Amino acid sequence: MLLGDAPPGRGHADRRLVTRWAIAAWTVQFRFRVNDPGSIDSSHGASSTNGSPMTQSTIQLEQVCKNYGNGKVVHALRDIDLSVAQGERVAVMGPSGSGKSSLLNLICGLDDPTSGTVSVAGIKILDLNDDQRTRMRREKIGMIFQTFNLLPTLSAVENAALPLRLQGMHRKEAEHRAAAMLERVGLGTRITHRPDEMSGGERQRVAIARALIFSPPLLLGDEPTGNLDSATGEEILVLLDDLQKEFNSTLFLVTHNDLVASFCDRVVILRDGHILKEQRPDPVLAGSH
Ligand SMILES: Nc1ncnc2c1ncn2[C@@H]1O[C@H](COP(=O)(O)OP(=O)(O)O)[C@@H](O)[C@H]1O
Ligand SMILES: [Mg+2]
């Protein structure tokens, strides 16, 4: 069944219900994965997110601090200044607890900094209400997760079309574009397959197609090859490499993997919530692609 199709003999109301369910499920997955307990991700009544002045950077953090807790405060991020230019590739590395997820949550607008400002594609996130943040994510940010986060009941083409459907595009047009995008990621013969009928590498290709289908200025990855064997992980990196050049999206990847980092222009090392150092990726690995 295609996204939005009704079961035989039933009407438009059912079709709308299926679509709304898929949208709600995807939104919940997104929120659950980034582990933010406080955000509200309503998709109703979204209004324009284009009110703030533009900057040159796709991601701009100025003096960002994030504390958790009231009694014994955890300083998850401390005085982070970070600017990522359009088309740049940045890997964020650091041990568990160093603040990587907190950083992603702030960039997605799923959480607010305790102090400082975060801007994405020239939009200052603190200026947005929840609906505007939802819209910002839909329009500006493609996400690739370690666990793929595809909707299990939808086919590859329905999964890849979902962001366009959320933006209000008609199903036929959205799935036409999604099929072309799946062709681009090497899955032209798999478009009707559901996630449980695909390998891990194929699922991640669908997720990449979904992330890029609306040409977002920013592509965020959370361990995008973390659940794949090394050969498949490398194939995915080569694909990301090609697509990033083609789409000129900014790539911002959280990773523990040196090979992933080697595909980036810059590596930001987090330690105890602050930027320990920024460096070029390992030159030996960088020469491998
Ligand atoms: N919701 C939260 N409440 C309290 N402490 C948190 C919360 N989220 C993260 N932390 C703490 O903030 C620090 C940074 O966590 P996190 O950003 O998840 O790091 P990483 O993703 O690098 O493992 C850790 O000490 C973690 O325990
Ligand atoms: Mg984390």
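Residues numbered from 1 in each chain as written. Chains lettered and ligands numbered in written order. Predicted model: local features only at pLDDT ≥ 70, side-chain atom pairs only at ≥ 80, totals over all residues.

Novice: Help me understand the site of ligand 1, please; the structure alone is not making it clear to me.
Specialist: Inspection of the region around ligand 1 gives Tyr 68, Gly 69, Val 74, Ala 76, Gly 94, Ser 96, Gly 97, Ser 98, Gly 99, Lys 100, Ser 101 and Ser 102 as its neighbouring residues. Those elements that place two or more of their residues in the shell around ligand 1 are β2 (74-85) and α2 (100-107). At three residues, the largest contribution of residues to the shell around ligand 1 is made by α2. Here the residues of the shell around ligand 1 sort into three nonpolar, eight polar and one charged. (Near = placed C-beta within 6 Å. Helix = DSSP H or I, 4+ residues; strand = E, 2+ residues; numbered from the N terminus. Nonpolar A, V, L, I, M, F, W, Y, C, P; charged D, E, K, R; others polar.)

Novice: Could you clarify how one ought to interpret the sheet that holds strand β5 (residues 123-124) in this entry?
Specialist: Hydrogen bonding along the main chain pairs the strands of a sheet, whether they run parallel or antiparallel. The strand order β2-β1-β4-β5 describes an open sheet built from four strands, whose pairing is antiparallel. Two strands in the sheet have a free side with no partner beyond their single neighbour: β2 and β5. One ladder, built from five bridges, connects strand β1 (residues 57-68) with strand β4 (residues 115-120); its direction is antiparallel. Paired with Cys 65 across the two strands is Ser 115, which belongs to β4. The sheet contacts of α2 involve β1, β2 and β4, and relative to β1 the element is tilted by about 125°. (Pairing = 2+ DSSP bridges. Contact = placed C-beta atoms within 7 Å. Axes fitted to C-alpha atoms, helices over the stretch in contact; angles between N-to-C directions.)

Novice: I'm lost on helix α5 (residues 171-184) in this one. Help?
Specialist: Along an α-helix, a turn takes 3.6 residues, which lines up residues three or four apart on a common side. Helix length check: α5 (14 residues) gives 20 Å between terminal C-alpha atoms against 20 Å at 1.5 Å per residue, within 8%. Turning to α5, its buried residues number three or more, namely Ala 174, Glu 175, Ala 178, Met 181 and Leu 182. Projected onto a plane normal to the axis of α5, the buried residues spread over an arc of 115° and lie on a single side. Exposed residues on α5 whose side chains face more than 90 degrees from its buried face are Lys 172 and Glu 173. After α5 finishes, the residue Gly 186 shows a positive phi value of roughly 85°. (Expected span 1.5 Å × (residues − 1). Buried ≥ 20, exposed ≤ 12 C-beta atoms within 10 Å, placed from the backbone. Arc of directions from axis to C-beta.)

Novice: I tried to follow the sheet that holds strand β8 (residues 250-254) on my own but got confused; where do I start?
Specialist: The six strands lie next to each other as β6-β7-β8-β3-β9-β10, forming an open sheet whose pairing is mixed. One side of each edge strand has no neighbouring strand; the edge strands of this open sheet are β6 (141-145) and β10 (274-279). Taking each pair of neighbouring strands and ignoring which way they run, the sheet shows an average axis angle of 20°. Where strand β3 (residues 89-93) and strand β9 (residues 266-271) come together, four bridges link them in parallel fashion. Along β9, the bridge assignment pairs Met 93 with Ile 269. Against the sheet, α2 contacts β3, β7 (218-222), β8 and β9, and its axis sits at roughly 150° relative to β7.

Novice: Sorry if this is basic, but what is going on with the environment of Ile 275 here?
Specialist: Relative to the helices and strands, Ile 275 is located in strand β10. A tally of 19 C-beta atoms within 10 Å means that Ile 275 is categorised as partly exposed. A sequence separation of 181 residues divides Ile 275 from Gly 94, and the C-alpha atoms of the two residues are 9.4 Å apart. Here Ile 275 is in contact with Ile 80, Val 268 and Leu 270, once residues within four sequence places are set aside.

Novice: Quick question: what am I supposed to make of the confidence of the model for the protein here?
Specialist: A low pLDDT means the predicted coordinates there should not be read in detail. Confidence along the protein averages 83 in pLDDT terms, with 79% of residues attaining 70 or more. Residue range residues 1-21 is modelled with pLDDT below 50. Its contacts to residues more than four positions away, or to other chains, number 21 contacts. Taken as a whole, residues 27-55 scores under 50 in pLDDT and shows 54 contacts with residues more than four places along the chain or in a different chain. (pLDDT = per-residue confidence, 0-100.)

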